[in-house]
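Below are the chains, spelled out letter by letter.
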Amino acid sequence: AQSVTQLDSHVSVSEGTPVLLRCNYSSSYSPSLFWYVQHPNKGLQLLLKYTSAATLVKGINGFEAEFKKSETSFHLTKPSAHMSDAAEYFCVVSAFISNFGNEKLTFGTGTRLTIIP
Amino acid sequence: DVKVTQSSRYLVKRTGEKVFLECVQDMDHENMFWYRQDPGLGLRLIYFSYDVKMKEKGDIPEGYSVSREKKERFSLILESASTNQTSMYLCASQSGRWTYEQYFGPGTRLTVT
């Protein structure tokens, strides 16, 4: 079984300051991990993904995340927040469904990021 | 460009009605998924399909059924809508069995009164 915990339901930062969105995971297998972003009234969009290659993963719009197996964490960071970053962010872990060898995604509960002008 | 469309952005139905939510993808993807999104609960998987006429239950299938008669279309059916099914419903598609990115539609906000 797999699960993911997003440690903050809401994060507020000032424009131009660093962003840190925290995520811890649990998985019986070697996990694949993702961050998705959802802007208001829009569908979810993939921000970045980790699939057992480099532990530091770079995504779109200047975001990156580091996979730390010893801490079972996959925190999302950005050096300098922009107003357009205001959105809801979901940390996601994948696991295989044994019957069909396919993966399914388990979503965290989301972190709403607010940018203060 | 990848595109997943959902038949309605907003829908209001009465308790006991049969409700159909439609999802269409134009990417020839094998896999399609239905989620519901509720505040504080994230996205929860209702049903998924890895092929035409094939369906599998997700984490919360009770009160729902699905239909996939054509590769590009995946329908979610609420047999008898109830107020606890008021939610945002998201459809997603995915290519093949070993790739991971899911492409999401804009969502349907369903209100059951």
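Residues numbered from 1 in each chain as written. Chains lettered and ligands numbered in written order. Predicted model: local features only at pLDDT ≥ 70, side-chain atom pairs only at ≥ 80, totals over all residues. Heavy atoms only, no water.

Asker: What's the story with the overall build of chain B in this structure? I'm lost.
Answerer: A count of helical and extended segments in chain B gives zero helices and 11 strands. If you list the helices and strands of chain B from N to C, you get β-β-β-β-β-β-β-β-β-β-β. For a compact globule of 113 residues, the expected C-alpha radius of gyration is about 13 Å, and chain B comes in at 13 Å, within 12% of that figure. In terms of overall dimensions, chain B has C-alpha extents of about 40 × 25 × 25 Å along its principal axes. Taking contacts inside chain B between residues at least 6 apart in sequence as the whole, the part at least 24 apart equals 55%. In the form shown here, chain B has an accessible surface area of approximately 5400 Å², with 49% of it arising from carbon and sulfur atoms. (Helix = DSSP H or I, 4+ residues; strand = E, 2+ residues; numbered from the N terminus. Rg over C-alpha atoms; globule rule 2.2 N^0.38 Å. Contact = heavy atoms within 4.5 Å. Areas by Shrake-Rupley, 256 points an atom, 1.4 Å probe, with all protein chains shown as cover.)

Asker: Whenever I open this one, the overall build of chain A confuses me. Can you help?
Answerer: Helix and strand content of chain A: zero helices and 12 strands. Along chain A, from the amino end to the carboxyl end, the secondary structure elements read β-β-β-β-β-β-β-β-β-β-β-β. By principal-axis analysis of the C-alpha atoms, chain A measures approximately 50 × 30 × 20 Å. Across the 117 residues that make up chain A, the buried fraction comes to 47%. When contacts within chain A are restricted to residue pairs at least 6 apart in sequence, long-range pairs at least 24 apart make up 57% of them. Put simply, chain A shows about 5500 Å² of open surface, and 52% of that area lies on carbon and sulfur atoms. Of the side-chain charges in chain A, 9 are positive and 8 negative, and the distance between the mean point of each set is 4 Å. (Buried < 20%, exposed > 50% of the residue type's maximum accessible area, 1.4 Å probe, protein only. Lys, Arg positive; Asp, Glu negative; His and termini not counted. Charge placed at Lys NZ, Arg CZ, Asp CG, Glu CD.)

Asker: Looking at this model, I keep getting lost on the state of the cysteines. Mind explaining?
Answerer: Here, the word disulfide means a covalent bond between the sulfur atoms of two cysteines. For the structure on display, the rule yields two disulfides over all chains. Paired through a disulfide, A:C23 and A:C91 show a sulfur-sulfur distance of 1.9 Å. In this structure the cystine formed by A:C23 and A:C91 twists about its S-S bond by roughly -70 degrees; its chirality is therefore left-handed. Of the two residues, A:C23 is situated in strand 4 (residues 23-26) and A:C91 in strand 10 (residues 87-97); the sequence distance between them amounts to 68 residues. Residue pairing for B:C23: its cysteine sulfur links by disulfide to B:C91, the two sulfurs lying 1.9 Å apart. Between B:C23 and B:C91 the disulfide shows an S-S torsion of about -75 degrees. By sign, it is left-handed. Residue B:C23 is located in strand 3 (residues 19-25), and its partner B:C91 is located in strand 9 (residues 87-94); the two are separated by 68 residues in the primary sequence. (Disulfide = S-S within 2.5 Å.)

Asker: I would appreciate a short explanation of the sheet that holds strand 8 (residues 73-78) of chain B in the present structure.
Answerer: Whether parallel or antiparallel, the strands of a sheet pair through hydrogen bonds between backbone atoms. Residues and elements named next belong to chain B. The strand order across the open sheet formed by four strands is 1-3-8-7, and the pairing between neighbours is antiparallel. The sheet is open, and its two borders are formed by strand 1 (4-6) and strand 7 (64-70), each paired with just one other strand. The mean angle between the axes of side-by-side strands here comes to 20 degrees, regardless of whether they run parallel or antiparallel. (Pairing = 2+ DSSP bridges. Axes fitted to C-alpha atoms, helices over the stretch in contact; angles between N-to-C directions.)

Asker: Just checking my understanding: could you explain the pairing of strand 5 (residues 32-38) of chain A for this structure?
Answerer: Here is the key point about a regular strand: its side chains alternate between the two faces of the sheet. Residue and element names in this part refer to chain A. Most of strand 5 sits out of view: seven of its seven residues are buried. In terms of strand pairing, strand 5 meets strand 6 (residues 44-50) through six bridges, oriented antiparallel. In the strand pairing of strand 6, V37 is matched with Q45. Between strand 5 and strand 6, which pair antiparallel and follow one another directly, the connecting turn spans five residues, one of which, N41, has a positive phi of 60 degrees.

On their own, these measurements won't tell you what the molecule is for.
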